[in-house]
Amino acid sequence: GQNIDQPTEMTATEGAIVQINCTYQTSGFNGLFWYQQHAGEAPTFLSYNVLDGLEEKGRFSSFLSRSKGYSYLLLKELQMKDSASYLCAVADGYQLTFGKGTKLSVIP
Amino acid sequence: KAGVTQTPRYLIKTRGQQVTLSCSPISGHRSVSWYQQTPGQGLQFLFEYFSETQRNKGNFPGRFSGRQFSNSRSEMNVSTLELGDSALYLCASSDSDHTGELFFGEGSRLTVL
């Protein structure tokens, strides 16, 4: 079966760093995606990891450990506009299986 | 380049009715996926089409069906609507013939009364 876990909610302060963790147990694995979804909007792509290690893209970084079934999304220099839900998704065959998302609130 | 377009954006139906939702992918994208999003369950995979063929299907009852046309546009249909079908239905397209980055539409918000 497919099981993807991530925290339901997190709160962080503007300018700080926050790490959102994701653990997964899936029957197959073709890569791990992170998406951002603002309230009332469509999810948008943030990052993709298929090999172990860290991928950095501006203020956002994503890490993957396939042996541990673990990933995290690191957001640096938090801004108010980063308040959103962050979705972890595992690629398996021709589908993405999503976690339930982590709602991040950035406070002044 | 135009994004993924879904119609209608909002609709209200009553139990027992059926509904058809439409999705136009980004030009050149041949893969279209459908997801149901609810507050309690998050994004759940419905099905994926590539070049008019359904390649994968999620764990939804047979009331949920879909198809893809030769121009890559896709429709999904839900028959005999139930209250629990109230959700945001998201369509996503991809230019990859394997699982790649998905580009989502704004969704169709269905309310079943």
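All values derive from a computational prediction rather than experimental measurement.

Caption draft 1: Structural view of the overall build of chain B. Of the regular secondary structure elements, chain B holds zero helices and 11 strands. Listing each helix as α and each strand as β along chain B from the N terminus yields β-β-β-β-β-β-β-β-β-β-β. Here the C-alpha atoms of chain B give a radius of gyration of 13 Å, agreeing with the 13 Å that 2.2 N^0.38 yields for 113 residues. Expressed as a percentage of its 113 residues, the buried residues of chain B come to 50%. Side-chain charges of chain B comprise 11 positive and 9 negative groups, with the mean position of each set lying 7 Å from the other.

Caption draft 2: Focus on the nonpolar core. By size, the foremost hydrophobic cluster in this structure holds 21 residues, and its most contacted members are Trp34, Leu46, Phe64, Met76 and Tyr89 of chain B. Of all the secondary structure elements, the ones that give two or more residues to this core are β3 (19–24), β4 (31–38), β5 (42–50), β8 (74–78), β9 (87–94) and β11 (108–112) of chain B. Setting aside its immediate chain neighbours within four residues, Leu46 of chain B contacts Trp34, Tyr35, Gln36, Lys57, Gly58, Phe60, Phe64, Met76 and Tyr89 of chain B. Counting residues in hydrophobic clusters, the runner-up holds 20 residues, among them Ile4, Val18, Cys22 and Leu46 of chain A.

Caption draft 3: Quick look at the side chain of Ser62 of chain A. All names here are of chain A. Among the secondary structure elements, Ser62 is positioned in strand β7 (residues 60–65). You can call Ser62 buried: its relative accessible area is 0%. Of the polar contacts made by the side chain of Ser62, one reaches the side chain of Asn49; its length is 2.6 Å. In contact with Ser62, not counting residues within four places along its chain, are Trp34, Ser47, Asn49, Gly53, Leu54, Glu55, Tyr72 and Leu73.

Caption draft 4: Main features of the packing of aromatic side chains. Counted under the stated rule, the structure contains 16 aromatic pairs over all chains. Summarising the aromatic geometry, the rings of Tyr35 of chain A and Phe45 of chain A are spaced 6.1 Å apart at their centres and angled 75° between planes, so their arrangement reads as edge-to-face. Taken together, the residues Tyr35 of chain A in strand β4 (residues 32–37) and Phe45 of chain A in strand β5 (residues 44–49) connect sequence positions 10 residues apart. Ring centres of Phe63 of chain A and Tyr72 of chain A lie 5.0 Å apart, and the angle between their planes is 20°; on these two criteria the pair is classed as stacked. Here Tyr72 of chain A falls in the buried class, since its relative accessible area comes to 16%. Through successive ring pairs, a cluster of aromatic residues spans Phe33, Tyr35, Phe45, Tyr48 and Phe98 of chain A together with Tyr35, Phe45 and Phe104 of chain B.

Caption draft 5: Structural context of the interface of chain B and chain A. At the interface, 20 residues of chain B touch 17 residues of chain A. Here chain B packs against chain A, burying approximately 1600 Å² in sum over the two surfaces, 56% of which is carbon and sulfur. Across the contact surface, chain B and chain A share zero salt bridges. Counting every contact that joins chain B to chain A gives five residue pairs in polar contact (both at pLDDT 80 or more). Looking at the side of chain B that touches chain A, the elements that each hand over two or more residues are β4, β5 and β6 (53–57) of chain B. Sort the elements by how many residues they give to the side of chain B that touches chain A and β5 of chain B lands first, with four residues.

Caption draft 6: Focus on the sheet that holds β8 of chain B. Residue and element names in this part refer to chain B. Read from one edge of the open sheet, four strands run β1-β3-β8-β7, paired in antiparallel fashion. Edge positions in the open sheet fall to β1 (5–7) and β7 (64–68), since each of these has one partner strand only. With strand direction ignored, the average angle separating the axes of adjacent strands in the sheet is 15°. The sheet contact formed by β7 and β8 spans five bridges and is antiparallel. Within β8, the position partnered with Gly66 by the bridge is Met76.

Caption draft 7: Structural context of the environment of Thr53 of chain B. Residue and element names in this part refer to chain B. On the secondary structure map, Thr53 appears in strand β6. On the accessibility criterion, Thr53 (45% relative accessible area) is partly exposed. For Thr53 and Gln68, which are 15 residues apart along the polypeptide, the C-alpha to C-alpha distance reads 7.3 Å. Once residues within four sequence positions are removed from consideration, Thr53 is found in contact with Glu48 and Gln68.

Rules and cut-offs
Residues numbered from 1 in each chain as written. Chains lettered and ligands numbered in written order. Predicted model: local features only at pLDDT ≥ 70, side-chain atom pairs only at ≥ 80, totals over all residues. Heavy atoms only, no water. Helix = DSSP H or I, 4+ residues; strand = E, 2+ residues; numbered from the N terminus. Rg over C-alpha atoms; globule rule 2.2 N^0.38 Å. Buried < 20%, exposed > 50% of the residue type's maximum accessible area, 1.4 Å probe, protein only. Lys, Arg positive; Asp, Glu negative; His and termini not counted. Charge placed at Lys NZ, Arg CZ, Asp CG, Glu CD. Core = buried A, V, L, I, M, F, W, Y, C linked by side-chain atoms within 4.5 Å. Contact = heavy atoms within 4.5 Å. Polar contact = N/O pair within 3.5 Å; in protein donor to acceptor, adjacent residues only side chain to side chain. Phe/Tyr/Trp six-rings, centres within 6.5 Å; stacked < 30°, edge-to-face > 60°. Buried area = accessible area lost by both parts, 1.4 Å probe. Salt bridge = Lys/Arg side-chain N within 4 Å of Asp/Glu carboxyl O. Pairing = 2+ DSSP bridges. Axes fitted to C-alpha atoms, helices over the stretch in contact; angles between N-to-C directions.

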